[in-house]
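Chain residues, written in single-letter form:
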Amino acid sequence: MTPYARRGVHGQTVETLARRVLSGEIPEGATLDLVALQGELDVSLTALRESLKVLAAKGIVDARQKRGTFVRARADWNLLDADVLRWQFAVGTDSGTDPTLLRNLGEVRGIIEPAAARRTDADLDALEAALTAMGEQEGGAAHAVEADLAFHRALLAATHNELLERMEMVIESGLARRDEIVHSSPHGENPVPSHRAVLDAVREQDADAAERAMRALLDQAVRDLDRVHGTAPAADGEAGPR
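The structure presented is a predicted model; accordingly, all values stated were derived computationally and were not measured. (Residues numbered from 1 in each chain as written. Predicted model: local features only at pLDDT ≥ 70, side-chain atom pairs only at ≥ 80, totals over all residues. Heavy atoms only, no water.)

Enquirer: Go over the nonpolar core with me, naming the residues and quoting the values.
Expert: Counting 22 residues, the largest nonpolar core has Leu52, Leu55, Ile60 and Trp87 as its most contacted members. For this core, the secondary-structure elements that each account for two or more residues are α1 (8–23), α2 (34–41), α3 (45–57) and α4 (82–95). Grouped together as the second largest cluster of nonpolar side chains are 20 residues, Met134, Val198, Ala209 and Ala213 included. (Core = buried A, V, L, I, M, F, W, Y, C linked by side-chain atoms within 4.5 Å. Buried < 20%, exposed > 50% of the residue type's maximum accessible area, 1.4 Å probe, protein only. Helix = DSSP H or I, 4+ residues; strand = E, 2+ residues; numbered from the N terminus.)

Enquirer: So, the environment of glutamine 205: which residues are in play, and what are the values?
Expert: For glutamine 205, the position within the fold is in the loop between α10 (191–203) and α11 (207–228). Residue glutamine 205 is classed as partly exposed on the basis of its relative accessible area of 47%. In this structure the C-alpha to C-alpha distance between glutamine 205 and arginine 118, which are 87 residues apart in sequence, comes to 6.3 Å.

Enquirer: Talk me through helix α6 (residues 121–134); I want residue IDs and the actual numbers.
Expert: For an α-helix the count is 3.6 residues per turn, leaving residues at separations of three or four pointing the same way. The terminal C-alpha atoms of α6, which comprises 14 residues, lie 20 Å apart, in line with the 20 Å expected from a rise of 1.5 Å per residue. Among the residues of α6, Asp123, Leu124, Leu127, Ala130, Leu131, Ala133 and Met134 are the ones counted as buried. Looking at the packing, one finds that the buried side of α6 touches α7 (140–157) and α10. (Expected span 1.5 Å × (residues − 1). Contact = heavy atoms within 4.5 Å.)

Enquirer: So what about the pattern of salt bridges? Which residues, and what values?
Expert: Tallying each qualifying case throughout the model produces 16 salt bridges. Between glutamate 25 and arginine 20 there is a salt bridge, and its shortest N-O distance comes to 3.9 Å. Residue glutamate 25 is classed as exposed on the basis of its relative accessible area of 56%. The class of arginine 20 is buried, set by a relative accessible area of 16%. A salt bridge links aspartate 76 to arginine 72; the shortest N-O distance between them is 3.7 Å. Each of Glu15, Arg19, Lys58, Asp81, Asp83 and Arg86 takes part in salt bridges that share partners, so that together they form one network. (Salt bridge = Lys/Arg side-chain N within 4 Å of Asp/Glu carboxyl O.)

Enquirer: Please provide a residue-by-residue account of the packing of α7 against α10, values included.
Expert: Interaxial distance between α7 and α10 falls to 12 Å at its minimum, and their mutual angle equals 20°. Accordingly, the angle class assigned to the pair α7 and α10 is roughly parallel. In terms of crossing hand, the pair formed by α7 and α10 is left-handed. Between α7 and α10, the contacting residues are Asp148, Phe151, His152 and Leu155 on the first element and His195, Val198, Leu199 and Val202 on the second. Classifying every residue of the contact of α7 with α10 gives 5 nonpolar, 2 polar and 1 charged. (Axes fitted to C-alpha atoms, helices over the stretch in contact; angles between N-to-C directions. Parallel < 35°, antiparallel > 145°, perpendicular 65-115°, else oblique. Left-handed = near helix turned anticlockwise from the far one by under 90°. Nonpolar A, V, L, I, M, F, W, Y, C, P; charged D, E, K, R; others polar.)

Scope: geometric values only; no functional claims are made or implied.
In structure tokens form, the structure reads like this:
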């Protein structure tokens, strides 16, 4: 699903309601008092209802006669929706991102990204450009994160599978947050060699080698997160995205 426009009163209302639900401030099963929310958020009832339609489309809320609008169980939420993922990571920014969510994202990447062995020359050029950018130190953290995202976008594009390419919206939300966490730590490993191994395997169109290289890259990502969270010994090297 295409992310909704976040601008204006409508977008701000959606963001506020979503973060309250995903943080647990408004718990699963709770019935929403629309009149109270309208006054608190200082929006029209029409704007509030339109915002709730966005959340309903993502499986987060629903409305029933005699019950009103209520928060659905987490099992009903569309957790693969790019906005829902983004909200989860945004909620975790202050309270600490759930490491399980990051690990689950890593498993998804491990299943999808090795399919990039179907590459074309244009795909290789895009991957090489992203890898070169990843090795540049001048741009700082924001540059490093964007280079990593560009590499993984190119990997998905190299699958030449429309459904897998659409997974970009799912993967990017979590990958950007993971990169920010790891890049803020001095204990991460150099990201370039692990990504280079993936690119080399993709260049050779060796699906098995690509999968092994991707597994190694994801293992390195897990080690970086463990070090950030203090559950593994630190290693020498610069922090960097995976």
